[in-house]
Amino acid sequence: MRILEFDSRNFGETLRELRLDKNRSQAELAARLNHISLSGVKNYEQGVALPSVQGLITIACALNIDEIRIDTRKGGRIWN
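Here's what I pulled together on the structure shown here. Because the structure is predicted, anything quoted here is derived from the model rather than measured.

So, about the packing of aromatic side chains. Here the structure, examined in full by the defined rule, presents one aromatic pair. Summarising the aromatic geometry, the rings of phenylalanine 11 and tyrosine 44 are spaced 6.3 Å apart at their centres and angled 75° between planes, so their arrangement reads as edge-to-face. Of this pair, phenylalanine 11 sits in helix α1 (residues 11–21) while tyrosine 44 sits in helix α3 (residues 38–45), and the two are 33 residues apart along the sequence. Per residue, the accessibility class of phenylalanine 11 equals that of tyrosine 44, and both read buried.

Next up, the structure:
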């Protein structure tokens, strides 16, 4: 999986769009995630919280997404 940068302000909106594109409810997505609860998914979409890198990878796998963008405002890039 290739991981690039993303704007953290837009993460929630992007996650919601991707989830809806895959025709999944928040509850359905949470059920596919081992360590992320329904409240976690809601918090991510509302911009209250951001997942860890492992959480991003888990979400991407659950939604069959090949590329993730990670916030690099501190100058780091993450590739996998």
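There is more to say, and it comes next.
This next bit is on the nonpolar core. Of all hydrophobic cores here, the largest spans 14 residues; its most connected members are Leu15, Leu29, Leu33 and Ile59. Sorting the residues of this core by element identifies α1, α2 (26–32), α3 and α4 (53–62) as the ones contributing at least two each. Among the elements that make up this core, the one with the highest residue count is α4 (four residues). Setting aside residues no more than four positions away along its own chain, leucine 15 makes contact with Leu29, Tyr44, Glu45, Ile59 and Leu63.

How each quantity is defined
- Residues numbered from 1 in each chain as written.
- Predicted model: local features only at pLDDT ≥ 70, side-chain atom pairs only at ≥ 80, totals over all residues.
- Heavy atoms only, no water.
- Phe/Tyr/Trp six-rings, centres within 6.5 Å; stacked < 30°, edge-to-face > 60°.
- Helix = DSSP H or I, 4+ residues; strand = E, 2+ residues; numbered from the N terminus.
- Buried < 20%, exposed > 50% of the residue type's maximum accessible area, 1.4 Å probe, protein only.
- Core = buried A, V, L, I, M, F, W, Y, C linked by side-chain atoms within 4.5 Å.
- Contact = heavy atoms within 4.5 Å.

The values reported here are purely geometric and, on their own, carry no functional implication.
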